[in-house]
Structure formats: structure tokens, C-alpha cells
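Structural characterization, general
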Amino acid sequence: MKKTDVLILGGGLGGLSTAYHLDRLGGRLSYLIAEAKRTPGGLAGSVRRDGFTFDHTGHLLHLHDPYGKTLIMDLLKGNLSVQERNAWIYIRGAYARYPFQANTFGMPWKVVEDCVAGYVKTLLRPRPVEAGLSFREWSLRTFGEGISKHFMFPYNEKLWRTPLSRMTTEWQGRFVPKPAPEEVLYGALSDQRKFFGYNATFRYPVRGGIQALPDALAARVSNLHLGCVATKIDLREKVAVIAGLGEVRYEKLVSTLPLVDLLDIASPLPPRVQTARRKLRYNTVFNLNIGVARRKVSDKHWVYFPEASFPFYRAGFSSNFSAAVAPEGATSMYIEVARKPGERVDLNRLEGQILSGLRRCGLLKASDKILTRVWLPIPCAYVVYDFDRTQALATIFPFLRDAGVSSIGRYGGWKYSFMEETILDGKRCAERLLGRERTGEERRMTDRPFQAELKPLK
Ligand SMILES: Cc1cc2nc3c(=O)[nH]c(=O)nc-3n(C[C@H](O)[C@H](O)[C@H](O)COP(=O)(O)OP(=O)(O)OC[C@H]3O[C@@H](n4cnc5c(N)ncnc54)[C@H](O)[C@@H]3O)c2cc1C
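It is worth spelling out the confidence of the model for the protein at this point. Mean pLDDT for the protein: 94, with 95% of residues reaching 70 or above. Long-range and interchain partners of residues 445-452, a stretch whose pLDDT sits below 50, account for 15 contacts in this model, where long-range means more than four residues apart.

So, about the packing of aromatic side chains. Each aromatic ring pair is characterised by the separation of its centres together with the angle its planes make. Applying the stated criterion across every chain, the model contains 27 aromatic pairs. Judged by centre distance (6.2 Å) and plane angle (45°), the rings of Phe202 and Trp302 are tilted. Note that Phe202 is positioned in strand β8 (residues 201-205) and Trp302 in strand β15 (residues 302-304), a separation of 100 residues in sequence. Residue Phe202 is classed as buried on the basis of its relative accessible area of 1%. Classification of Trp302 by relative accessible area gives buried; the value is 3%. Pairing Phe305 with Phe310 gives two aromatic rings, centres 5.2 Å apart and planes at 50°, and the pair type is tilted. Assessed through its relative accessible area of 0%, Phe305 is described here as buried. Among the residues examined, Phe310 registers a relative accessible area of 4% and is labelled buried. Put simply, the rings of Phe135, Trp138, Phe143, Trp160, Trp171, Tyr382 and Tyr416 touch in pairs and so form one group of aromatic residues. Above the ring of Phe310, the side-chain terminus of Arg360 is found at 4.6 Å from the ring centroid. One Lys or Arg, Arg410, reaches over the ring of Tyr382 and ends 4.9 Å from the middle of that ring.

This brings us to the site of the ligand. Not every one of the 32 residues close to the ligand is listed here, only the nearest: Glu35, Leu43, His59, Leu60 and Met419. Here an oxygen atom of the ligand and a backbone polar atom of Gly14 are 2.9 Å apart. Gly58 places a main-chain nitrogen or oxygen 3.0 Å from a nitrogen atom of the ligand. Contact with the protein chains covers 91% of the free accessible surface of the ligand, which is 1,000 Å². Only α1 (13-24), β2 (31-35), β18 (370-383), α12 (409-412) and α13 (419-433) provide two or more residues apiece to the shell around the ligand. With 3 residues, α12 is the largest single contributor of residues to the shell around the ligand. Among the residues forming the shell around the ligand, the class breakdown is 15 nonpolar, 13 polar and 4 charged. Each of domain 1 (2-43 + 206-280 + 386-452) and domain 3 (282-383) accounts for three or more of the residues forming the shell around the ligand.

Next up on the list: the packing of helix α3 (residues 109-124) against helix α4 (residues 135-143). When two helices pack together, their arrangement is captured by the angle between the axes and the distance separating the axes. At a minimum axis distance of 7 Å, the contact between α3 and α4 shows a crossing angle of 85°. Overall, the two elements α3 and α4 adopt an arrangement that is roughly perpendicular. Within the contact between the two elements, α3 uses Gly118, Tyr119 and Thr122 and α4 uses Leu140, Arg141, Thr142 and Phe143. Residue composition of the contact of α3 with α4, by class: 3 nonpolar, 3 polar and 1 charged.

If you check α3, its first and last C-alpha atoms are 22 Å apart, about what 16 residues at 1.5 Å a residue would give, namely 22 Å. Every buried residue of α3 is listed here: Val111, Val112, Asp114, Cys115, Gly118, Tyr119 and Thr122. The buried residues of α3 occupy one face: seen down the axis, they fall within an arc of 165°. Among the exposed residues of α3, those oriented more than 90 degrees off its buried face are Trp109, Glu113 and Leu124.

In this section: the nonpolar core. One finds Leu7, Leu9, Leu22, Phe100, Ile233, Ile242 and Leu259 to be the most contacted residues of the largest nonpolar core, which totals 120 residues. When near neighbours in sequence (up to four residues on either side) are disregarded, Phe100 contacts Ile89, Ile91, Met107, Val111, Cys115, Ile147, His150 and Phe151. If you look at the next biggest cluster of nonpolar residues, it comprises 24 residues, including Val303, Phe310, Ala315 and Leu355.

Rules used in this analysis
- Residues numbered from 1 in each chain as written.
- Predicted model: local features only at pLDDT ≥ 70, side-chain atom pairs only at ≥ 80, totals over all residues.
- Heavy atoms only, no water.
- pLDDT = per-residue confidence, 0-100.
- Contact = heavy atoms within 4.5 Å.
- Phe/Tyr/Trp six-rings, centres within 6.5 Å; stacked < 30°, edge-to-face > 60°.
- Helix = DSSP H or I, 4+ residues; strand = E, 2+ residues; numbered from the N terminus.
- Buried < 20%, exposed > 50% of the residue type's maximum accessible area, 1.4 Å probe, protein only.
- Lys NZ or Arg CZ within 6 Å of the ring centre and 35° of its normal.
- Near = heavy atom within 4 Å.
- Polar contact = N/O pair within 3.5 Å; in protein donor to acceptor, adjacent residues only side chain to side chain.
- Areas by Shrake-Rupley, 256 points an atom, 1.4 Å probe, with all protein chains shown as cover.
- Nonpolar A, V, L, I, M, F, W, Y, C, P; charged D, E, K, R; others polar.
- Domains from an automatic or database assignment.
- Axes fitted to C-alpha atoms, helices over the stretch in contact; angles between N-to-C directions.
- Parallel < 35°, antiparallel > 145°, perpendicular 65-115°, else oblique.
- Expected span 1.5 Å × (residues − 1).
- Arc of directions from axis to C-beta.
- Core = buried A, V, L, I, M, F, W, Y, C linked by side-chain atoms within 4.5 Å.

Written out as C-alpha cells, the structure is:
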């Protein structure tokens, strides 16, 4: 039987970052990473086909933390571009700039009128925007009826596949920009070229798609076992069964698997944890990537589609992030469709509906030739923030902690987060495992020199 101090399940950014920082911060704990797929990277991995490099939909780097930014920029040194977001919303045959609530200019007048009138009512007769509101009620009180009806409701229902009256607002803070009244009004009357939100600019690898990032981390860790699926975990004995490796005995377990998957293979679970597990909800995203035989199909980065007549909620142009992801003279696109988990989907039929939708809105021409197509389903894509989530996690996480398990990353932590944050989750996890948890002040004092050197390539 193999033995290791730390068993890391998953070789996505969360797992790789944990291993990287275990080494970087001291190297006194042995670790073993078991990754189910044949390549590292998880959702931040890319797939190559017919000269195209496809990501799991758009995967753009938003760097906000000083340490995270320095580390990622060092890992991708010489291979990063910075770009200004060029994102739009398509409604009733017209385009509005993202975010819709600040840019209704360009929409049919009836839509602009609904949005402005509804918003003005929220100013004249404000209702308290208090903690504990559902997302639906919060949207009505914050943006008014028009903006809610034309964008917030249909778009979010299409994405989350959950009644918005059952969703909380905990997730929206940084993801839903809240413009000032003058910005909402100005943006209804003119083309307001102002940037709002956490992703107003982003970085993306010049070459290699987003896979370049996990590859750079993977090159700096050891003991990474690819094609090894964890199938069973005995929490009492601290033994995991891993296809391709057999039984592995560990002292500490770090899991980056979706929390629901971890709980499904771990035992024994007390009844209260089993009940909490059943309360965790998420959606599934079917991501169709296509290669189109036409240069620069659009100058946009991505477009949101709230209307029910389009099966997809978003379509993007990855060759506008990096020319290297498509052959010369071609365009690379990703299209995203959300479903409830377990819903039966006929991908051939869905593909036909997607292509017809793209032609209907004019992004594709009838004459466009599709050179290649790749479906990348994401079974657990967005964690649903409903009213059950917080309570369920308050039962599950302490139980796992007591069993010596750190469940981290976007899906292990059961949250809506992005790549930089996942890398930081791995760093914090390594610090905890090494007994090196630091206060905010210590971090501020020590992160700068610590950032400077990368762990050398193995
Ligand atoms: C549609 C979509 C768009 C996104 N866009 C962006 C974006 O633009 N910018 C951004 O910063 N972030 C974006 N993200 C978030 C980003 O993908 C995640 O934050 C990050 O990749 C999560 O990394 P992780 O290691 O936590 O999880 P994962 O990448 O899911 O890694 C988990 C790993 O565990 C492996 N695994 C699963 N089961 C087993 C098992 N039984 N045994 C062994 N291994 C197993 C998986 O193969 C996987 O490699 C997006 C996410 C989605 C869904």
C-alpha cells in the first residue's frame, strides 16, 4: 500500500497549487496528487482539435490579489496579454453593452423606457435592500421591474436553472455591477463607454490557451499521477482507493472534487451529513466549441443571450482572446447551455438548435462552414446559492475538518469563484497543513519577498 502525508485529489488549479505551495513553503510533508484525467488542469485545461485550442468556455484571468497576480504573471511570463472586455447583451435583435443595467442605450425604445421607468421608481419609492432577500426580490428593489424583466430574470433563470425566489444574493457581490443612478440614466441616453465590474480588463495567454497556466504549475510539482480516479475513501482508516494506484494511506486529505462527489465516495458519513449533502444544488453546462472557416466572425469577446428563444445563455469568440487558438483565417467560438444536473440532453439536436440560433442573430452566416466541433460538458459547473446552501455547509465542513479532510477550490469549497482564488485556496490549504497559517498583517509583511522567486522547474 502506498503511503503519503498528504493525498491531493484532483490535478486542477486547486490541487496543483496546494502541491506547489507545500513544496514552496517547506517541503517537509510528502504528497501525492491523483488526477482522473490524462492531462492536468481540470476546468482550466484546454483541448486541441484540428488546429484549434478550445477551453472549457471562456477562461480569462482576473487578477486582484497582489500575491496571486505576481505568481500567475511569473508562471506565464512572456505569455500573457492584457485586454479590455468587449462584452454585449443581445435582446430583440439589438445589442447593448455589458452590463445591461448601465447600458440600455441601443435597445428598442420600449425596452429602454421600461428599464428607466422601473429604475426611477426604485429611487422615488425605495424599498429596503436588506440581507436575506431572495435574488428575485433583491433585483426588483435594486434595479426595478424593467431591468429585472428584460435581463436579470431571464438571464439568471437560464443560467442557474433555479427559481430566483429560492436563490440568495450571497454570490452576486462582485459578479453583478451596481451602477450609480446617474450612470443608469446616462447609459440609457448614450453609448456609455465606461467599464464596470470585476472583469473590465482581463489577461489571457498569448499561446496555448488557458492550459498554459496549469501546465506551468504542473511542471513545478512532483508525484502527479494522471488517469487515476479516486473511487472510495475510508475516512476512519484514512485510506483511499484509487484506480491505477490501488490503496493509498494518508495522514491528511485535500479534495478538489465537487463536494457532492467527495461525499458520495467517502464513508462513513453520519446521517446529518448525508441529509446536508442532499441539499447541495448545482447546474450542468454543455459547452459547444466550434471552429468557423471565416476570419474575425465578430470583434466582440462574448455576448449574453437572455431570451428564451435562444438555447444558449452566452456565446464567445476565443480567437479574439488569442489569435493562436485558431488556424489562420478561422474563428474559434464557444457556446454555453445550462441544464439541471441529470437532465437528458440530445447533443445532436442541441447542436442544430445552437447553430440555427447563431444564424438567426446574425453571428453566423448561412454560408459559414463549420470546420470542427467539440462538446465539453461540465457536469458540475455553477454551485447554486439557494437558501439551503449555507446551513448545509455549516454541517458538512466541520465534519470533514474533524476527519482530516480539506475540501478546497471552486467545487470543493462549493462556491462561485475564479482561477486566481482557486490558486490562493491551494496556498492557504498548504499553509494550514504546515501549521503556518498567517494573520492578514503577517501576509502583508511577508508576501512581497516571498512572491519574487518561483519554485524552480523539476
Ligand atoms: C463555465 C465556466 C466558466 C469559467 N470562467 C472562468 C473565467 O473566465 N475566469 C476564471 O478565473 N475562472 C473561471 N471559471 C472558474 C475556474 O474554472 C475554476 O475556478 C477553477 O478551474 C477551479 O479549479 P479547481 O481545481 O477548484 O477545480 P477543477 O478544475 O474542477 O479540478 C478538479 C479536478 O479533480 C479531478 N477529479 C474529479 N473527480 C476525480 C476523482 N474521483 N479522482 C481524481 N480526480 C478527480 C478533475 O478531473 C479535475 O481535474 C469558470 C468556470 C466555469 C464552470
